[in-house]
Amino acid sequence: MEVFHRGKKTLAAIRPETVLVAGVVASAVLTGLIWFLGRWLDDVVLLPDQGASWYYWKLPEPTVWTRLSAWAGYAAHQLVFWRLIHHAQTRVRRYSAGLHRVNVVALAANAGFVALHTVQTHLFYDGLAQDVSIYSSQGSVVLLLVVVLIMENRRRGLFLGRPAPIRREIVDFARRYHGYLFSWAAVYTFWYHPAESTPGHLIGFFYMFLLLLQGSLFLTRAHTNRYWTVTLELAVVVHGTLVAVMTSGPDGLWPMFLFGFLGVFVITQMHGLGLSRAARWALTGCYAAALLAVYALRGDLAGTNEAIRIPAIEYLLVGVLALLAWGAGRLWALRAGAGSGRGTSTG
């Protein structure tokens, strides 16, 4: 019993900064492992690329075993992660500056499932992409980012530091249950792809590992560090821009992703960092200057409207999700009221 309590004290004494640095290093190591092993996938024969809606990295002739290996691995990973989140919410229920034992279990479980998926790729290759649309993987991450905007609405606002009129119960619901959605987005996207070693895959895997790290640190101060969380939001800038350059070249749509996601930072995310007004104006000016410079060099100043697309989509989705959540809450309240009325009726 003394050893048990000593272990708990040791975990609680770990600094949040140490946890984050170690987690980022571990994420880089796991990404490097996928890169190193990728050379043994060079002989996998794939079908020719068939356009934007086609996912290239899947077997021409899948089997029951290739499908089962991917879906079984994904289901096990997802259920274990959800169970750990539920345990933390119902049994632990308090924040700590260091780690809880359940955090250590979550970190180990995620690392184990990353290793499992890597082995599964080399034995069977296919991920979930064989059976679901490429847009489901992209959409899951977009949904995650949009829910973060809703969760942070009261603290940092939605438009230039001003909150959107989103009901408190909607924000509270998102804050309480976001872990289940975010873990699904990260785990689903991770298992969607085979553990390939192309630059696009490696950038994506590193980002997913950071999200899995964040999900594993529930109920710790590291999980709520505002600089760390906004870094995770901004990581999509790097991922989206680099993948766009790799797929469409230097003359492609990469500025739309770069300035679109950075636009969300300027409009919303930087207002939660405690920056001075002068600093915010400076960042806004740098953003505008870079936007105009890039499109001027491309000879297409009219193309600056591309930068509006991603913020417009995200803010529109914020409204749609808030309305759906409000409607679902109203229906639930009406149903509960009707059930209560039937239970107490003496008619």
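Per-chain numbering applies: the sequence of each chain, read as written, is numbered from 1 onward. With the structure being a predicted model, the display of local features is reserved for residues of pLDDT at least 70 and the display and counting of side-chain atom pairs for 80 or more, all residues being used for whole-chain, interface and lining totals. Each side-chain value is worked out from all heavy atoms of the structure, with water and hydrogens disregarded.

Participant: For this particular structure, what's the right way to read the nonpolar core?
Facilitator: A general feature of soluble globular proteins is that nonpolar side chains tend to end up buried together. By nonpolar core is meant a set of buried Ala, Val, Leu, Ile, Met, Phe, Trp, Tyr and Cys residues that side-chain atoms within 4.5 Å join together. Type-normalised accessible area, obtained with a 1.4 Å probe on protein chains alone, sets the label of each residue: buried when under 20%, exposed when over 50%, and partly exposed for intermediate values. Counting residues in hydrophobic clusters, the biggest one holds 58 residues, and the most contacted among them are Ile166 and Phe218. The greatest single-element share of this core, amounting to twelve residues, is contributed by helix α7 (residues 168–192). Only heavy atoms enter the contact rule, under which two residues are in contact if any of them lie within 4.5 Å. Setting aside chain neighbours within four positions, we find Phe218 in contact with Phe81, Leu84, Ile85, Ala88, His100, Val102, Asn103, Ala106 and His223. Membership of the second largest hydrophobic core comes to 13 residues, among which are Ala244, Phe259, Val266 and Tyr295. In this text, helices come from DSSP runs of H or I with a minimum length of four residues, and strands from runs of E with a minimum of two, each type numbered from the N-terminal end.

Participant: Mind showing me how you'd approach the side chain of His117 here?
Facilitator: Residue placement: His117 occurs in helix α4 (residues 101–124). Residue classification places His117 among the buried positions, given a relative accessible area of 0%. Whenever a nitrogen or oxygen atom comes within 3.5 Å of another N or O atom, the pair is scored as a polar contact, on the condition that within protein one atom can donate a hydrogen and the other can accept it, and that pairs from neighbouring residues in sequence are kept only if both atoms are in side chains. Polar side-chain contacts of His117 include one of 2.9 Å to the side chain of Gln120. Non-local contacts of His117, meaning those with residues more than four positions away in its chain, are made with Phe190, Trp191, His193, Pro194 and Ala195.

Participant: How do you make sense of the environment of Ala26 when you look at a structure like this?
Facilitator: Inspection of the secondary structure puts Ala26 in helix α2 (residues 16–37). Taking relative accessible area as the criterion, Ala26 reaches 37% and is therefore assigned partly exposed. Spatially, the C-alpha atoms of Ala26 and Leu210 are 9.5 Å apart, while their sequence positions differ by 184 residues.

Participant: What is the right way to look at the side chain of Thr268 in this model?
Facilitator: Counting through the fold element by element, Thr268 comes out in the loop between α10 (254–267) and α11 (277–297). Classification of Thr268 as buried rests on a relative accessible area of 1%. Here Thr268 is in contact with Leu149, Arg156, Gly157, Leu158 and Tyr315, once residues within four sequence places are set aside.

Participant: Even after reading the chapter, I still don't get helix α9 (residues 226–248), so can you show me in this structure?
Facilitator: Given 3.6 residues per helical turn, the α-helix brings residues three or four places apart onto the same face. Here, expected helix span is obtained from the residue count minus one, scaled by 1.5 Å. Taking 1.5 Å of rise per residue, 23 residues should cover 33 Å, and α9 covers 34 Å from first to last C-alpha, within 8% of that figure. The sharpest bend along α9 reaches about 30 degrees and sits at Glu233. When we look at burial in α9, the residues that qualify are Trp228, Thr229, Val230, Leu232, Glu233, Val236, Val237, Gly240, Thr241 and Ala244. At its buried positions, α9 is contacted by α2, α5 (134–151), α6 (153–156), α8 (199–216) and α10. Capping the start of α9, Asn225 holds a side-chain oxygen 3.0 Å from the backbone nitrogen of Tyr227, two or three residues further along. Residue Gly249 follows α9 closely and has a positive phi angle near 85 degrees. A residue's bend is the angle separating two fitted axes: one through the seven residues that end there, the other through the seven that start there.

Scope: geometric values only; no functional claims are made or implied.
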